[in-house]
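Here's the letter readout for the chains.
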Amino acid sequence: MGMEDRYSDTAGRAVLETLLSYGVTTVFGIPGTHNLELYRPLAELGMHAVTTRHEQGAGYAADGWSQQTGLPGVVITTSGPGLQNVMSAVGTAFCESRPMIVLSPGVALGDEFADRGSLHETKHATAMAGAVAEWSRRVASATEAVAAVHDAFKLFRTGRPRPVHIEIPLDVLEAPAAVPSADRTARDNPKGFTGTPDALAAAAGLIASAARPVMIAGGGATAAASEVTHLAELLGSPVLTTLNGKGVFDEQHELSLGASLRLAAARRVAESADVLVVVGSKLGEAELWVPELQPAGRVVRIDIAESQLQKNLAADVAVRGDAAAVLGELLAILSPAKLSAKKGKLGWDLGTVRAEIARQLAEDLPETVALGARIVQALPANAIVAGDSSQIVYMAIANQLRLAQPHSLLYMPTYATLGYGLPAAIGARIANQSRPVVTVIGDGALMFCVNELMTAVEQRLDLTVVCVDNGGYAEIKQNEVDRGIRPVGVDLAQPDWVALAGAFGAVGSGVAANGDVEGVIGAAVSAGGVQLVHVRQ
């Protein structure tokens, strides 16, 4: 038997065919000695392999791709260090409730941690990944590997979407699959479940009784934008979102208060509602910047995860179910004629509230907020913006962007990692060629992932990187000062950013914060290709 015949239908191929049947056409990762049978079939299957320069970048690129396609991002790593390198991205996907599948090879069956110095030997790779992911499985056959893929998609469709890891032992990965074609075919989409009739009736009754309803939409509502909008308009209710839910409700809408829950003026509206409807949000401290909301009224919570319905904020009525399906049922129960009389009588002047939100936004770092406003002004109206855990993002543009659809700001408010923005933008641009993609990132964060400029150049992407340089880790420096610590380890030497961009084959340009920021960024976006704009604060 020749090599071609031997590897014509391995477990690796069976897994990839199964992924392809669900619509996954792109994988991210780095080829390695042990994972080659996951790479062999890609070209024949017509799947796009994106080689990042680090597995962490592969994970964040997969996340950006996932947010544009609605499919799980797929990452292929090699064993040992390759798998370990992607764990930060797995942790991010777990905290932000995003679907991801990580495929890795493992030692042959029976060789589990033999402790004899084999290549990439790892004490317990599955346990390591399982400590971070929703689940991690070491399969014993191609049939089990394919079943794990199906189970992952079932999780993503019927539960809280979180990352999973499938470890395929080398002897299984390279062996004939013996998995029937029918078993490699995507299974039907389960219908979104809608909660019990009693819970729906109780929620509808409470909502119908509200004189001052307010809605909060989180990341779990991103597939329910239409239903959120219809209910808000039916009630005449102000809508706030979390950062993960940003754009679920058009932020240009007259009822929108944006993703501004961290600001007291916005929280005050939510807390003064007589009925607060929370859809698909854990209401965590990382989004609120306070330990918890303190609503004066009653609370309706809708979430696909039972574990979230009473977490961080107790619900008077809790409905477990898919956000779109539950809201669809509530819209069918509620009477438009009965509710329309309440419109315009809610007791809030939302224009005044928005002005107070803007004033509070500018209080802490007025220069950064002013620069953020100029950057936002320079961006195309339909841009996808990937942010990082940089002050220019979380103190400014995350609130200044006014978005009309979800997944237009790629961000990770809970995990708050550095090095996310550039690779996430790469994944988003690969998935979505119809909208301009820009990443706004601090100099400290960019140094975590600057190697991925090479990936963007290699993929021939149109992608603009706006690097806002405040000289290092400015917030941590302030934290040190506030604690009486003489600043240490936070004032960082900088490369020549423009020259560095050129060395990668990108185009670099520089501008001072008091210069023509709008013009330079606008020109970079219009020029196409990989552009890096270095903005000196």
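Here we summarise the structure given alongside this text. In this text, all values refer to a predicted model and were calculated from it rather than measured experimentally. (Residues numbered from 1 in each chain as written. Predicted model: local features only at pLDDT ≥ 70, side-chain atom pairs only at ≥ 80, totals over all residues. Heavy atoms only, no water.)

1. So, the sheet that holds strand β13 (residues 409–410)
Line of reasoning, step 1. Overall, parallel pairing links the six strands, which are arranged β13-β12-β14-β15-β17-β16 in an open sheet. Each end of this open sheet is capped by a strand with a single partner; those strands are β13 and β16 (507–512).
Line of reasoning, step 2. When β16 meets strand β17 (residues 530–536), the two strands line up parallel, connected through six bridges. Residue Gly 508 lies in a different strand from β17, and its bridge partner there is Leu 532.
Line of reasoning, step 3. Contacts from helix α24 (residues 497–504) reach β15 (463–469), β16 and β17, with the element oriented near 165° to β16. (Pairing = 2+ DSSP bridges. Helix = DSSP H or I, 4+ residues; strand = E, 2+ residues; numbered from the N terminus. Contact = heavy atoms within 4.5 Å. Axes fitted to C-alpha atoms, helices over the stretch in contact; angles between N-to-C directions.)

2. Some details on the sheet that holds strand β7 (residues 213–217)
Line of reasoning, step 1. The strand order across the open sheet built from five strands is β8-β7-β9-β10-β11, with neighbouring strands paired in parallel fashion. With partners counted over all chains shown, the strands left at the sheet margins are β8 (239–241) and β11 (317–320), one partner each. Within the sheet, the average angular offset between the axes of one strand and its neighbour, ignoring direction, is 15°.
Line of reasoning, step 2. Sheet topology places β7 next to strand β9 (residues 275–279); five bridges connect them, and they run parallel. Counterpart to Val 214 in the pairing with β9 is Leu 276.
Line of reasoning, step 3. Against the sheet, helix α11 (residues 197–209) contacts β9, β10 (298–303) and β11, and its axis sits at roughly 130° relative to β11.
Line of reasoning, step 4. Its contacts with the sheet place helix α13 (residues 264–271) against β7, β8 and β9, and it is angled at close to 120° to β7.

3. Quick look at the packing of aromatic side chains
Line of reasoning, step 1. All chains considered together, the criterion is met by four aromatic pairs.
Line of reasoning, step 2. Ring geometry for Phe 153 and Phe 156: centres 6.0 Å apart, planes at 70°, overall edge-to-face. Here Phe 156 and Phe 153 lie together in helix α9 (residues 142–158), a separation of three residues that amounts to about one turn. Each of the two residues, Phe 153 as well as Phe 156, counts as buried.
Line of reasoning, step 3. Among the aromatic side chains, those forming a connected cluster through ring pairs are Tyr 22, Phe 153 and Phe 156.
Line of reasoning, step 4. One cation-aromatic arrangement involves Arg 162 over Phe 94; the distance from NZ or CZ to the ring centre is 3.6 Å. (Phe/Tyr/Trp six-rings, centres within 6.5 Å; stacked < 30°, edge-to-face > 60°. Buried < 20%, exposed > 50% of the residue type's maximum accessible area, 1.4 Å probe, protein only. Lys NZ or Arg CZ within 6 Å of the ring centre and 35° of its normal.)

4. Overview of the nonpolar core
Generally speaking, nonpolar side chains in soluble globular proteins are found buried as a group.
Line of reasoning, step 1. Grouped together as the largest cluster of nonpolar side chains are 173 residues, with contacts concentrated most on Leu 19, Ile 101, Val 440 and Leu 446.
Line of reasoning, step 2. Ranked by residues supplied to this core, first place goes to α9 with nine residues.
Line of reasoning, step 3. Ignoring any residue separated from it by four or fewer positions in sequence, one finds Ile 101 in contact with Leu 19, Pro 72, Gly 73, Val 74, Val 75, Ala 152, Phe 153, Phe 156, Val 164 and Ile 166. (Core = buried A, V, L, I, M, F, W, Y, C linked by side-chain atoms within 4.5 Å.)

5. Examining the pairing of β9
Line of reasoning, step 1. Most of β9 is tucked away, with five of its five residues classed as buried.
Line of reasoning, step 2. Because side chains alternate across β9, one face comprises the buried residues Val 275, Val 277 and Val 279, and the other comprises Leu 276 and Val 278, equally buried.

6. Observations regarding helix α18 (residues 366–378)
Line of reasoning, step 1. Compared with the 18 Å implied by 1.5 Å per residue over 13 residues, the 19 Å span of α18 between its first and last C-alpha is a close match.
Line of reasoning, step 2. Those residues of α18 that sit buried are Thr 368, Val 369, Leu 371, Gly 372, Ile 375, Val 376 and Ala 378. (Expected span 1.5 Å × (residues − 1).)

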